[in-house]
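These are the residues of each chain, in order.
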Amino acid sequence: MKNKKLSLLAIAVITAGLFAFKPFLGGTVKGTVAPPEAGVRAWVLSATDTLKASVNQGSFEIADVKPGLYKLIIEAKPPFKNTSKDGIQVTDGGTVDVGEIKLSQ
């Protein structure tokens, strides 16, 4: 009888522990670059994370971004200059579309 109660208690504790953790969904940062051939890579930076993605045909998408506040940097091909955008707020499971980023020479 005592073993049965301990077994039930152990199962209850394990079950509660499994439901205590929330799955990581991650967010996404996406946008476009003008002119399309000028962009090389897109970076998002926070105090603890740095993620990057290639710019393909003027578009980029960075997935699995932890929730938080980020700075976006677009790395450009010369003669174009790199550009940045501050204050990108990523939410858990959300998508942030930063729109079109224009690169200057």
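A quick note: this is a predicted structure, and the numbers were derived from the prediction, not measured.

Definitions and limits used
- Residues numbered from 1 in each chain as written.
- Predicted model: local features only at pLDDT ≥ 70, side-chain atom pairs only at ≥ 80, totals over all residues.
- Heavy atoms only, no water.
- Helix = DSSP H or I, 4+ residues; strand = E, 2+ residues; numbered from the N terminus.
- Buried < 20%, exposed > 50% of the residue type's maximum accessible area, 1.4 Å probe, protein only.
- Contact = heavy atoms within 4.5 Å.
- Areas by Shrake-Rupley, 256 points an atom, 1.4 Å probe, with all protein chains shown as cover.
- Salt bridge = Lys/Arg side-chain N within 4 Å of Asp/Glu carboxyl O.

Participant: Which residues make up the overall build of the protein chain, and what are the values?
Facilitator: Along the backbone of the protein chain there are one helix and seven strands. From first element to last, N terminus to C terminus, the protein chain shows the α and β order α-β-β-β-β-β-β-β. Burial status across the protein chain gives 30% buried among its 105 residues. In the protein chain, the proportion of contacts linking residues at least 24 apart, taken out of those at least 6 apart, comes to 60%. In the structure as shown, the protein chain presents an accessible area of about 7100 Å², 58% of it carried by carbon and sulfur atoms.

Participant: Which residues make up the side chain of aspartate 49, and what values go with them?
Facilitator: Mapped onto the elements, aspartate 49 comes out in the loop between β2 (39-45) and β3 (50-54). Apart from residues no more than four positions distant in its own chain, aspartate 49 is found in contact with Val44, Lys66 and Tyr70.

Participant: Before we move on, could you go through the pattern of salt bridges and cite the residues and values that matter?
Facilitator: Within this structure, the stated rule accounts for three salt bridges. Residue glutamate 75 pairs with arginine 41 through a salt bridge whose shortest N-O separation is 3.1 Å. Of this pair, glutamate 75 sits in strand β5 (residues 68-76) while arginine 41 sits in strand β2, and the two are 34 residues apart along the sequence. Take glutamate 75: its relative accessible area is 22%, and that puts it in the partly exposed class. Given the relative accessible area of 28%, arginine 41 is considered partly exposed. We note a salt bridge from lysine 102 to glutamate 100, for which the minimum N-O separation is 3.6 Å. Classification of glutamate 100 as partly exposed rests on a relative accessible area of 46%.

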